[in-house]
Every structure is written in structure tokens, then in C-alpha cells.
Amino acid sequence: MHRFPRRCFFKEQHLDVSLETAQGDAAVVPGVMSGRFQFGFSNNWRSRTSPSA
């Protein structure tokens, strides 16, 4: 995980930030579309490195 130079970076910028985990794209995309998450990302490393069938 990337770390910011100052531990209280978000607080200093008056931002209320929280991290939530979801189980892959199938959960992230609907969460963003419904407004539950403001943005989302997924690590799809496996799908990019798996040999094609």
C-alpha cells in the first residue's frame, strides 16, 4: 500500500476518507454505480497474467 508522507494528510486537508474491501470487480462496479462508493478499483492481476485458454 502506498503511504503518504504525513500520517494525517487527509485530516489536514479536511477529508473524511475510509477504505472498504470488496470481492473483485463483481462487487466494486455495482458499489460505485449505486453510489455506495465514490470510486473503486480492483487488482485484476490474475486475469492479465493467466494464459489464454
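The preceding data block contains the structure.
Residues numbered from 1 in each chain as written. Predicted model: local features only at pLDDT ≥ 70, side-chain atom pairs only at ≥ 80, totals over all residues. Heavy atoms only, no water.

Attention now moves to the overall build of the protein chain. The helix and strand tally for the protein chain stands at three helices and zero strands. The 53 residues of the protein chain split such that 6% are buried. Per element, the accessible surface of the protein chain, about 5,600 Å² overall, is 55% carbon and sulfur. (Helix = DSSP H or I, 4+ residues; strand = E, 2+ residues; numbered from the N terminus. Buried < 20%, exposed > 50% of the residue type's maximum accessible area, 1.4 Å probe, protein only. Areas by Shrake-Rupley, 256 points an atom, 1.4 Å probe, with all protein chains shown as cover.)

Okay, the pattern of salt bridges next. With the rule as written, the count across this model stands at one salt bridge. Of the charged contacts, one joins Arg-36 and Glu-20 as a salt bridge, the two residues approaching to 3.2 Å between their closest N and O atoms. Taken together, the residues span a long stretch of sequence, with Arg-36 in the loop between α2 (25-34) and α3 (45-49) and Glu-20 in the loop between α1 (9-12) and α2 at a distance of 16 residues. Using a relative accessible area of 49% as the deciding quantity, one classes Glu-20 as partly exposed. (Salt bridge = Lys/Arg side-chain N within 4 Å of Asp/Glu carboxyl O.)

For His-14, which is not glycine, the phi torsion reads 60° and is therefore positive. Looking at the secondary structure, you find His-14 in the loop between α1 and α2. In this structure His-14 comes out as exposed when scored by relative accessible area, which is 74%.

This next bit is on the environment of Gly-24. Secondary-structure assignment places Gly-24 in the loop between α1 and α2. We classify Gly-24 as partly exposed; its relative accessible area is 29%.

Turning to the environment of Glu-20, a few remarks are in order. Taking C-alpha positions, Glu-20 is 9.4 Å from Gly-40, a pair spaced 20 residues apart along the chain. Dropping the residues within four chain positions of it, Glu-20 is found in contact with Arg-36 and Phe-37. Only 3.2 Å separates the side chain of Glu-20 from the side chain of Arg-36, close enough to count as a polar contact. (Contact = heavy atoms within 4.5 Å. Polar contact = N/O pair within 3.5 Å; in protein donor to acceptor, adjacent residues only side chain to side chain.)

All we've got here are geometric facts, nothing functional implied.
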